[in-house]
Amino acid sequence: MKKQYTVFAILLIASMLLTACGAPAAADCKSEELFCVGMVTDVGKIDDKSFNQSAWEGVKKAEAELGAKVQYIETTDAKDYDKNIATFADEGYDVIVTVGFALGEATTKAAGLYPDVDFIGVDQFLQTTLVNQTGLNFPEDIAGFLAGALAAQMTKTGNIGAVLATDAVPPVWRFGEGYRAGALYVNPDIEINIVYHNDVGFDKTFVDPEWGATTTNSMADKGVDVIFGAGGKTGNGALIAAAQKGVYAIGVDTDQYNTVPEAQSKLLTSAMKNITVGVFDLIKLSKEGKLPAGNFFGTASLAPYHDVDADVSAEVRAKMAEIEAGLLDGSIKTNVPPVKP
Amino acid sequence: MSQSQSKKSELVSKLTDTLLVPTLAIVTAIVLGGIIIAFVGGNPFAAYAGLLEGAFGSLKGISETAVWSTPYIFAGLAVALAFKGGLFNIGGEGQLALGATTSAWVGYALPDLLGVELPMVIHLPLAILTGMAVGFLWGAIPGALKAYTGAHEVINTIMMNYIALNIVSYLMNGPFKDKNPLNVIARTPLIAESARIPPLFDGLRVHWGFILALAMAYGVWWLLWKTNLGFEIRTVGANPEAAKYAGINVKKIMTLSLGLSGMLAGLAGTVEVTALNYRHELGFSQGYGFDAIAIALLGKNHPLGVVLAAILFAAMRNGATRMQFLTQIPVDIISVVQALILLFVAADAIVRYLYRIKQSDEKVVLTRGWGG
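Reading the values: rules and limits
Residues numbered from 1 in each chain as written. Chains lettered and ligands numbered in written order. Predicted model: local features only at pLDDT ≥ 70, side-chain atom pairs only at ≥ 80, totals over all residues. Axes fitted to C-alpha atoms, helices over the stretch in contact; angles between N-to-C directions. Helix = DSSP H or I, 4+ residues; strand = E, 2+ residues; numbered from the N terminus. Parallel < 35°, antiparallel > 145°, perpendicular 65-115°, else oblique. Contact = placed C-beta atoms within 7 Å. Nonpolar A, V, L, I, M, F, W, Y, C, P; charged D, E, K, R; others polar. Domains from an automatic or database assignment. Expected span 1.5 Å × (residues − 1). Buried ≥ 20, exposed ≤ 12 C-beta atoms within 10 Å, placed from the backbone. Arc of directions from axis to C-beta. Pairing = 2+ DSSP bridges.

1. Let's talk about the packing of helix α7 (residues 208–226) of chain B against helix α12 (residues 303–327) of chain B
Residues and elements named next belong to chain B. Interaxial distance between α7 and α12 falls to 8 Å at its minimum, and their mutual angle equals 155°. Relative to α12, the element α7 lies roughly antiparallel. Packed against α7, whose contacting residues are Leu-214, Ala-217, Val-220 and Trp-221, the element α12 presents Pro-303, Val-306 and Val-307 at the interface. Across the contact of α7 with α12, the residue classes tally to seven nonpolar, no polar and no charged.

2. Looking at the domain arrangement of chain A
Residue and element names in this part refer to chain A. Partitioning chain A into structural domains gives domain 1 (36–138 + 276–297) and domain 2 (140–272 + 305–329). Here the C-alpha centroids of domain 1 and domain 2 sit 29 Å apart. In this assembly, four residues from domain 1 lie in contact with five residues from domain 2. In terms of residue class, the side of domain 1 that touches domain 2 is made up of one nonpolar, two polar and one charged.

3. A closer look at helix α13 (residues 332–346) of chain B
Residues and elements named next belong to chain B. For α13, built from 15 residues, the straight-helix expectation of 21 Å at 1.5 Å per residue is met to within 8% by its first-to-last C-alpha distance of 21 Å. Buried within α13 we find Ile-333, Ile-334, Val-337, Gln-338, Ile-341, Phe-344 and Val-345. Seen along its axis, α13 keeps its buried residues to an arc of 145°; they face one direction.

4. Some thoughts on the environment of B:Leu129
Residue and element names in this part refer to chain B. Among the structural elements, Leu-129 can be located in helix α5 (residues 120–149). Classification of Leu-129 by C-beta neighbours within 10 Å gives partly exposed; the count is 15. In this structure, the C-alpha to C-alpha distance between Leu-129 and Ala-29, residues 100 residues apart in sequence, is 39 Å.

5. Quick notes on the sheet that holds strand β1 (residues 36–40) of chain A
Residue and element names in this part refer to chain A. As summarised here, the arrangement of the six strands in space is β2-β1-β3-β4-β5-β11, forming an open sheet in which the pairing is parallel. Edge positions in the sheet fall to β2 (69–73) and β11 (294–297), since each has one partner strand and no second. Across the sheet, the axes of successive neighbouring strands diverge by a mean angle of 20°, strand direction being ignored. Here β1 pairs with strand β3 (residues 95–99) via four bridges, running parallel. Along β3, the bridge assignment pairs Val-40 with Thr-98. Seen against the sheet, helix α3 (residues 81–90) touches β1, β2 and β3 and runs at an angle of roughly 165° to β3.

Below, the structure written as structure tokens:
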């Protein structure tokens, strides 16, 4: 009995000593030469195949091309936003990227506290302008417009649909209205069914794949043969149901071919926000001392056709290229306001 | 050997007996966690060094550990108190959410409603007491159902969680939602300055709520071991039949135990709102009500044990950020270590077998089955 305690005590002390020596020497971001970029995720993982991961890929690109030292912290609880941002700021990081709408307030607060650090907030629409803070936003209406234009050309029944989370969130509404505008641009006589999951609260509307699936099924039964699903898990449910019904599905935000494998066989494309590019570009501008203060708009595009590549004719491709160019040079306008009037 | 000496050594041996299994459980879990870290390609020593540094390595770190431990202490005390009364309160999450929501409402809406500016000496206590009262009610309902109808409190506290979380969801999306047109998040407006618990020091987030939590731990100890009510609660917890024959009103005590437990859980939510977030937001609790069960078990349902266990859990949660920052080891490893601790405490036979410790005579009965 006694002997075991002794052995145990020795082990304990030994492990403590080893622990004390094990602390790694931190590379110094406080020095002028080293350019350091830190990223704080929203509550979620770095490899979420969505916003966090796309933003992190942009940061990694800065590591490869700009020689930046990069690091991330995964947030586990909303009350840690301030602390996680401060962890980077206190270590002398030059740029801090925060991902997601929910970190907006904490980011603005930190930008005031740390004027020497540049802050990039992904999907954060800023109300106030600080010289060291940029809100990276995306033209959801353009992404939706492209998706709608493609859907209108791919439908055989002349009947397309969208299954979306709540229209009280501006980006979701802008996807929906852009989709409508794009479809009407191609075919003014097309029938469009846009359904929002407004009947439940904010905590449910993005995480209700069953609703997404049943709504998609009933649409498909009514002859809708292209369905745009947008809004977290709710949209994913719509994509999977569409693939099972054998109708085309269009994903959102990132290339959902990678995030929803169940829908791969019928996934036409995804209306993507080019987060990786936007994050990298802003980091680069910050390094050159030219961070654009205030709101900055990134780009949107459609993902590759993947498995249904053969279904898309050369004619459709040409038309899509023409529309994309038109949106870019401003000759085609989506006419979608920033928020629902 | 003189009598006082033998008494003293008896106390020491009793203390080591109580502390031995939890301590060994923690150490075993940490060692196993280290092996897992090494297995996934990390350096366990660097990881734990980062964890320690994050939790206690700076004033800011210590402050954040205290901030994290505050709801854990309240919620842990809630579960421990119920256990002492022979009841299992799994409803902490709901009691906490309702306490937070209602005290946030008192914090932001009451001054407007009354059309007066309330002084802090009235407003703050009112906000806190509201959260406590609602928590009490939400605990007392399943307590009364158990006492008067025999409906098992485990089922009913879980049911009450769903009811509470859906009520809160409705309020946060509807009547209590911040009406600012730019706000799309389901949360209340900020509470008035007069309803905020002040921080202990300028520039650090640690607040008087932490002191309140420690005081409450002392209060629970005093209640359980120094008052008639506490004696009755413990007696009902140990043996309701005997309590009945001793003339204790078992039904009243059962209702009261779960009520007080709910009150403490409600306080956990209230303090998060009034001292830290200054508003209630949907999904702010990452399962304090459930972590609390682990904390109560680890703390052997003793208020001091609960405080220590809460600080341990808080240090791990808080230090994890620093650990990830320094070593890029995923923060999830902390959940693994916490789960292992719980496993070893709950199934203490494993620890006793590993370290060849004899089973003590005293057997702790946490809750009784359906018939109880």
